[in-house]
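# An overview of the molecular structure
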Amino acid sequence: MGFDTAYESISEESDSGHRWAFGTGFTDPLAGVDTSVPAGVDGADLAAYCLMLGDDALIMSHRLQQWLARAPELEEETALANIALDLLGQARLLLTRAGTADGSRQTEDDYAFGRAEREFRNVRLAEVADADFAGLVARLLVFSTWRLALLVRLQSSADPVLAAVAAQGVKEIAYHRDYAAQWVIRLGDGTDYSRQRMEAGLAAVAPLVAELFAPSATEERLAGVAVIPAQLRAEFDAVIAQVMAEARLDWPEVGWLDTTEGSGGSSPRAGAVGLFGRGGVHTEAMGYLLAEMQSVARAMPGATW
Amino acid sequence: MSEEARSNWPLFEVFLRSKRGLNHVHVGSLHAADATMALHHARDLYTRRNEGVSIWVVKAADITASSPDEKDPFFAPSGDKVYRHPTFYEIPDSVPHI
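Throughout what follows, the structure given in this document is the object of discussion.

The rules behind the values
- Residues numbered from 1 in each chain as written.
- Chains lettered and ligands numbered in written order.
- Predicted model: local features only at pLDDT ≥ 70, side-chain atom pairs only at ≥ 80, totals over all residues.
- Pairing = 2+ DSSP bridges.
- Helix = DSSP H or I, 4+ residues; strand = E, 2+ residues; numbered from the N terminus.
- Axes fitted to C-alpha atoms, helices over the stretch in contact; angles between N-to-C directions.
- Contact = placed C-beta atoms within 7 Å.
- Buried ≥ 20, exposed ≤ 12 C-beta atoms within 10 Å, placed from the backbone.
- Core = buried A, V, L, I, M, F, W, Y, C linked by C-beta atoms within 7 Å.
- Left-handed = near helix turned anticlockwise from the far one by under 90°.
- Nonpolar A, V, L, I, M, F, W, Y, C, P; charged D, E, K, R; others polar.
- Parallel < 35°, antiparallel > 145°, perpendicular 65-115°, else oblique.

### Looking at the sheet that holds strand β2 (residues 25-31) of chain B
All names here are of chain B. Strand order in this open sheet of three strands is β2-β1-β3, and the pairing throughout is antiparallel. The open sheet has two free edges, formed respectively by β2 and β3 (52-59), since each of these has just one partner strand. Sheet twist, expressed as the mean angle between neighbouring strand axes with direction ignored, is 30°. When strand β1 (residues 11-18) meets β2, the two strands line up antiparallel, connected through six bridges. When the bridges of β2 are listed, Phe12 appears paired with Leu30. Lying on the sheet, helix α2 (residues 35-46) is in contact with β1, β2 and β3; it crosses β3 at an angle near 135°.

Encoded structure:
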């Protein structure tokens, strides 16, 4: 895709000054990063972890892209496009990393467009459709708050590639969280009607929150490389509480994911044991999403343009 | 949102200072509910290609502008006063941006 040389051609060094109005000084997030798998780390586990984080970004990005040409304002549309592009960038790096980590040499496109629904490892929060703009900003607030807490910790990962991707992502997601929080506050602390819509948006995402902090064997095995999701809960709760207070909203009651056998979870959509996004079990929305996202690649395998 | 509420979003003018530029330069305008939102919109609309390090936004209504009708009394008198320009000495090569 010319990805490697794109940075060089618009870098500060090679710019003679005549294009300065378009911006220069772009940096490749993986410049100078050692991409070999660190000693003592299982390549298959590392690949699985990269797929989890990569799929979260890829699927969330696709949902955001569906807002283009539907956003309430032109300015908001560009903001959503920027956020979608940031996440797509993270997904590309992470899926590419998955292909090198397990030695399968699969490309980012193989992963994005060649897998079936059960092979996707994203949390279900990323895949559900938004009823309206309030639903979107509620979902984006939850997603960004959780992912920012995760990436901040991932910056000290033993895998240099994950650490570099996280360092780049922290700056991006911090803005996404800010964007979503601003809108949740505006709508929550706005008119009676906007407040009603915002409450409905929060109620729609709340049942999907517990899954974000569910323990997974992959992360346990990757000590020092991966972030244990349960450790993110305190920061997540604190940030959400702060936004809710500012917006004068109440966060809907959500319990921890109950993983005891046969419990079915602590909320209607919490999922049974292992039966949630990280385990490849998705909501009905996922099939439709993939059918659209993969349609071109499946109709014309290997096409380039 | 009603059409009326949408059209009530005021117009803001956006000024950017790029890395290499010396001053904030007017780059365009946008609609936003208030100044904070305008700043966010400006970031999303006008700094997507790494253009800026500083953004100013100002309500278009707050700008007092010269009127095209007053063009002659405002600007024409300076047209023949070439001595006001610093063109009568050599500018050293080491002094840029003049």
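### Remarks on unusual backbone geometry
Residue and element names in this part refer to chain A. Even without a glycine there, the phi angle at Arg105 is positive, about 60°. Inspection of the secondary structure assignment puts Arg105 in the loop between α3 (74-101) and α4 (108-114). Residue classification places Arg105 among the exposed positions, given that 8 C-beta atoms sit within 10 Å. Located in the positive-phi region is Arg248, a residue other than glycine, with phi close to 55°. Considering the arrangement of structural elements, one finds Arg248 in the loop between α9 (233-247) and α10 (284-293). We classify Arg248 as exposed; it has 10 C-beta atoms within 10 Å.

### Details of the nonpolar core
By size, the foremost hydrophobic cluster in this structure holds 77 residues, and its most contacted members are Cys50, Leu94, Leu125, Val137, Ala138 and Val184 of chain A. Elements represented by at least two residues in this core include exactly α2 (43-65), α3, α4, α5 (133-154), α6 (160-188), α7 (192-205) and α10 of chain A. At 15 residues, α5 of chain A tops the list of elements feeding residues into this core. Discounting residues that sit within four places of it in the chain, Val184 of chain A has contacts with Val137, Ala138, Leu141, Met198, Val243 and Ala247 of chain A. In terms of nonpolar packing, the next biggest core, distinct from the first, is built from nine residues, Val14, Met37, Ala38 and Ala42 of chain B among them.

### Thoughts on the packing of α6 of chain A against α9 of chain A
All names here are of chain A. At a minimum axis separation of 8 Å, α6 and α9 run at an interaxial angle of 35°. The hand of the α6/α9 crossing is right-handed. Touching Ala181, Val184, Ile185 and Gly188 of α6 are Val243, Glu246 and Ala247, all from α9. Taken together, the residues of the contact of α6 with α9 break down into five nonpolar, one polar and one charged.

### Remarks on the environment of Val128 of chain A
Residue and element names in this part refer to chain A. As for its position among the elements, Val128 is in the loop between α4 and α5. According to the C-beta neighbour criterion, Val128 is buried, with 21 such atoms within 10 Å. Apart from residues no more than four positions distant in its own chain, Val128 is found in contact with Leu208, Thr283 and Ala285.

### Focus: the packing of α3 of chain A against α6 of chain A
Residues and elements named next belong to chain A. With their axes 10 Å apart at the nearest point, α3 and α6 run at an angle of 165° to one another. Of the possible angle classes, the one that applies to α3 and α6 is roughly antiparallel. The handedness of the crossing between α3 and α6 comes out as left-handed. The segment α3 lies against α6, with Ala79, Ile83, Asp86, Gln90, Leu93, Leu94 and Arg97 engaging Val161, Val165, Gly169, Glu172, His176 and Tyr179. Looking at the contact of α3 with α6 residue by residue, the classes come out as seven nonpolar, three polar and three charged.

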